[in-house]
Amino acid sequence: MGNRGNGRSVTSRALDLLGAFDVEHPTLTLSELAARCDMPMATAHRLVGELEAWRALERNADNRYQVGTRLWEIGLLSPVPRRLREIALPFMQDLYERSKENIHFAVRKGHEALYIAKLTGHRAVPIISREGTRLPMHTTGVGKALLAFASEEFIETYCARPLARCTRHSIVEPGRLRRELALVRGRGYALTNEEMTLGSCSVAVPVFDPDGRVEAALGVVVHSVRGNLTRYVNDLKSEAAKIAQAVGEHRADPYPGFVHDLPDEV
């Protein structure tokens, strides 16, 4: 698509419309889309119509727009989250069966933890994370596990940034965070205590790639009153090691878990 007005391409403005949706705004009216993108209503109407025709956007029963199924289908083709998710889910299921708590699997994207898989049950504590959510690394168990085993350069860059205070228990002092990360590296697992949301705490371990670099993190989130997070550490480390082994075995396979060669017809 070419450039039209204000030096911005039609493509960039269409992407702005898609980017207007987030966890707090899963559905939007046309006027809300135009306002959030600082876009004339006529332009928004035309572009939204094209996105709807392509099924990038859909209208629900309340005549509000939401992200369309076609975007979800395309998103599933993203290689790293899809491969890791498919590999990790069976081991996450084993961990859930033993704990009956929230099970998280996340990777690092920029300066945030991206949750690519989550399992939960009816007795698990309600939490704000969901698949596709990005949360601060310093306030989450999986985030701390990812951050602690990152390069020293990345850790210094992260600690130099403003650290969000999600609750009164969040660690927002750079020196204190560095000491916390050193503890994580020393013991091999990360802990949080109501640092992301009040009423919940977590424990997480890193998942390493075949070259010894942290690739993902596996964690359990429980209600604060159920405490004693260290009882989950052995199971977490065991399943993380199995995931790491499976990742290595399927390194060259873009679709792990799928049958690639069908038997000849009889």
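Located above this text is the structure these notes cover.
The notes below deal with the structure included here.

Conventions adopted
- Residues numbered from 1 in each chain as written.
- Predicted model: local features only at pLDDT ≥ 70, side-chain atom pairs only at ≥ 80, totals over all residues.
- Heavy atoms only, no water.
- Core = buried A, V, L, I, M, F, W, Y, C linked by side-chain atoms within 4.5 Å.
- Buried < 20%, exposed > 50% of the residue type's maximum accessible area, 1.4 Å probe, protein only.
- Helix = DSSP H or I, 4+ residues; strand = E, 2+ residues; numbered from the N terminus.
- Axes fitted to C-alpha atoms, helices over the stretch in contact; angles between N-to-C directions.
- Left-handed = near helix turned anticlockwise from the far one by under 90°.
- Contact = heavy atoms within 4.5 Å.
- Phe/Tyr/Trp six-rings, centres within 6.5 Å; stacked < 30°, edge-to-face > 60°.
- Pairing = 2+ DSSP bridges.
- Polar contact = N/O pair within 3.5 Å; in protein donor to acceptor, adjacent residues only side chain to side chain.

In this structure, Phe 105, Leu 218 and Ile 243 are the most contacted members of the largest nonpolar core, which totals 32 residues. Of all elements in the fold, only α5 (79–99), β4 (102–109), β5 (112–119), β8 (200–208), β9 (214–223) and α9 (233–249) reach the threshold of two or more residues within this core. Judged by nonpolar contacts, the second largest core, of 25 residues, contains Tyr 115, Ala 148, Met 196 and Ala 217.

Another point: the packing of helix α7 (residues 152–160) against helix α8 (residues 174–187). At a closest axis distance of 9 Å, the pairing of α7 and α8 adopts a crossing angle of 145°. Seen along the crossing, α7 lies across α8 with a hand that is right-handed. Note on element contacts: α8 touches α7 through Pro 174, Leu 177, Arg 178, Leu 181 and Arg 185, opposite Ile 155, Glu 156, Tyr 158 and Cys 159.

All right, on to the packing of aromatic side chains then. Applying the stated criterion to the full structure yields two aromatic pairs. Ring plane angle 85° and centroid distance 5.4 Å describe the contact between Phe 149 and Phe 208, whose orientation is recorded as edge-to-face. Of this pair, Phe 149 sits in the loop between α6 (141–148) and α7 while Phe 208 sits in strand β8, and the two are 59 residues apart along the sequence. Classification of Phe 149 as partly exposed rests on a relative accessible area of 23%. Seen from their ring centres, Phe 154 and Tyr 158 are 6.4 Å apart, and the 40° between their planes marks the pair as tilted. Residue Phe 154 and its partner Tyr 158 are both found in helix α7; the two are separated by four residues, about one turn of the helix.

The next subject is the sheet that holds strand β3 (residues 65–67). With antiparallel pairing, three strands are arranged side by side in an open sheet as β1-β3-β2. The sheet is open, and its two edges are formed by β1 (27–28) and β2 (57–59), each paired on a single side. Of the strand pairs in this sheet, β2 and β3 are connected by three bridges, and their pairing is antiparallel. Residue pairing across strands places Arg 59 opposite Tyr 65, the latter belonging to β3. Against the sheet, helix α3 (residues 41–53) touches β2 and β3, its axis set at about 95° to β2.

When you line up the elements, Asn 102 lands in strand β4. Note on Asn 102: relative accessible area 1%, which makes it buried. Within the structure, the side chain of Asn 102 is placed 2.6 Å from the side chain of Thr 120, a separation counted as a polar contact.

These results come straight from atomic positions and should not be treated as a statement about function.
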